[in-house]
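Per-entry structural report
Single-letter residue listing:
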Amino acid sequence: MVDKVIGIDIGGTNLRGALVSREGGILKRMEISSQADQGIDKVIENLAGFIKDISEGENVCNIGMGIPGIINSKDGVITQAPNILNVDDYPLRAVLNEKLGSDINIVIENDANSAAVGEWWMGASKDVNSMIMITMGTGVGGGLILDGKLWTGADGMAGEIGHITIYPDGAKCKCGNYGCLESYASATAIRRMVREGLEDKSLNTILRESTKNIEVEDIPQIVMEAAGAGDGFSLGIWEEVGKALGIGIASLINLLNIEMVVIGGGVSNAWDLFIDKTYEEARRRAFRAPMKRTKIQRGLLRDDAGILGSAHLALKSSNEKKP
Ligand SMILES: [Zn+2]
């Protein structure tokens, strides 16, 4: 019986991973720079070294990985991952098997799907059968667990909650559409709202000063602090975020009658600033009975959701491979 696996979360900046026990305990944790800006070969070299280091002294044959992008998990191919590995149809599993040995069982999955599995296995939705994970980060990702199974769809592309339409004539999304949830509830969306707001010179907000000379990545945090200090414009941004999220969640509740919606990702740190609006909007739009049942909750595992989810997928796949 497999008693240890490796779960890895591959990001644009870092590779984070852990050696994970069968019971979901994290036995050893590591993090290194992914150096994704130096191209796919460098990432693969780092990834192979990372896996060797993390499995040192252990006999680990099953590895799961979460990757932000469109993943064909059946074939082990990254269909598209524009934000991190600028590759199309990249056969990640085959490349890693060549480097690490063909006896290593490698499972790859979309990162939000992995996070959904993680929260369902060891986190906020441990006791439910059907849930949706929404990750609010640079973009908005999603994963669906339906009747105790990850729903990946016919092409492995299910759960792209970030690209459901909230406002048909809304802000342009990087996917090419307009008014996607991602255009209103991601770090990118918050940066846009700040930029557009500040164009109005008569607008009175402390952001005018506090966003000067800071990295764009830090803007959501600054808007959170400004809202906490009572800045009206910043509070309005979080209301926008909460409202868009509530509209999206109402549709998901009406469509799927899930038991729980779990929200994670860095932007969800502003939970107290948007969640009341999210509930208000969802209640206004969803049918009463399924709305009453559905809990909307913050993820419990934070950064470990993806690692544990990937580990669980590796464990599950090792069981399936048993004769
Ligand atoms: Zn979109």
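Fair warning: this is a prediction, and the values are worked out from it, not measured in the lab.

**Some remarks on the overall build of the chain**
Within the chain, the regular secondary structure consists of eleven helices and 13 strands. At 20 Å, the chain has a C-alpha radius of gyration in line with the 20 Å of a compact globule built from 323 residues. C-alpha atoms of the chain, sized along the principal axes, occupy 65 × 50 × 35 Å. Buried positions account for 53% of the 323 residues belonging to the chain. The contacts of the chain with a sequence gap of at least 6 include a subset with a gap of at least 24, amounting to 61%. Surface accessibility of the chain: about 15,300 Å² in total, with carbon and sulfur atoms responsible for 47%.

**Let's talk about the coordination of the zinc ion**
When a metal holds four donors in a tetrahedron, each ideal angle between them is 109.5 degrees; when it holds six in an octahedron, the ideal angles are 90 or 180 degrees. Protein ligation of the zinc ion involves His163 (ND1), Cys173 (SG), Cys175 (SG) and Cys180 (SG), the donor distances falling in the range 2.0 to 2.4 Å. For the zinc ion, the four donor atoms are set out with angles of 105 to 122° between them, so the coordination reads as tetrahedral. Taken in chain order, the donor set of the zinc ion reads H-x9-C-x1-C-x4-C. Of this pair, His163 sits in the loop between β11 (149-150) and α4 (182-185) while Cys175 sits in the loop between β11 and α4; the two residues are twelve residues apart in sequence, bridging distant segments of the chain. Residue classification places Cys175 among the partly exposed residues on the basis of a relative accessible area of 39%.

**Examining unusual backbone geometry**
One non-glycine residue, Gln35, lies in positive phi territory at about 50°. With respect to the helices, strands and loops of the structure, Gln35 is situated in the loop between β3 (26-33) and α1 (40-54). A positive phi angle, close to 55°, is found at Asn213, a residue other than glycine. Here Asn213 shows up in the loop between α6 (207-210) and α7 (219-228).

**Some remarks on the domain arrangement of the chain**
Assigned domains within the chain: domain 1 (4-116 + 303-320) and domain 2 (127-298). Listed per partner, the contact involves ten residues of domain 1 and 16 residues of domain 2. Roughly 890 Å² of surface becomes buried between domain 1 and domain 2 when both sides are summed, with 62% attributable to carbon and sulfur atoms. The largest contributions to the domain 1 side of the interface with domain 2 come from Ala112, Asn113 and Ala116, which together make up 49% of the buried area. On inspection of domain 1 and its partner domain 2, the count reaches zero salt bridges. Between domain 1 and domain 2 we count zero residue pairs in polar contact (both at pLDDT 80 or more) in total. Mapped by element, the contributors of at least two residues to the side of domain 1 that touches domain 2 are β5 (70-72), β8 (105-110) and α3 (111-122). With four residues, the top contributor of residues to the side of domain 1 that touches domain 2 is α3. Across the side of domain 1 that touches domain 2, the residue classes tally to six nonpolar, three polar and one charged.

Scoring rules and cut-offs
Residues numbered from 1 in each chain as written. Predicted model: local features only at pLDDT ≥ 70, side-chain atom pairs only at ≥ 80, totals over all residues. Heavy atoms only, no water. Helix = DSSP H or I, 4+ residues; strand = E, 2+ residues; numbered from the N terminus. Rg over C-alpha atoms; globule rule 2.2 N^0.38 Å. Buried < 20%, exposed > 50% of the residue type's maximum accessible area, 1.4 Å probe, protein only. Contact = heavy atoms within 4.5 Å. Areas by Shrake-Rupley, 256 points an atom, 1.4 Å probe, with all protein chains shown as cover. Donors = N, O, S within 2.8 Å, 3.2 Å for Na, K, Ca; no water. Tetrahedral: all angles 85-135°; square planar, octahedral: opposite > 155°, others 65-115°. Domains from an automatic or database assignment. Buried area = accessible area lost by both parts, 1.4 Å probe. Salt bridge = Lys/Arg side-chain N within 4 Å of Asp/Glu carboxyl O. Polar contact = N/O pair within 3.5 Å; in protein donor to acceptor, adjacent residues only side chain to side chain. Nonpolar A, V, L, I, M, F, W, Y, C, P; charged D, E, K, R; others polar.

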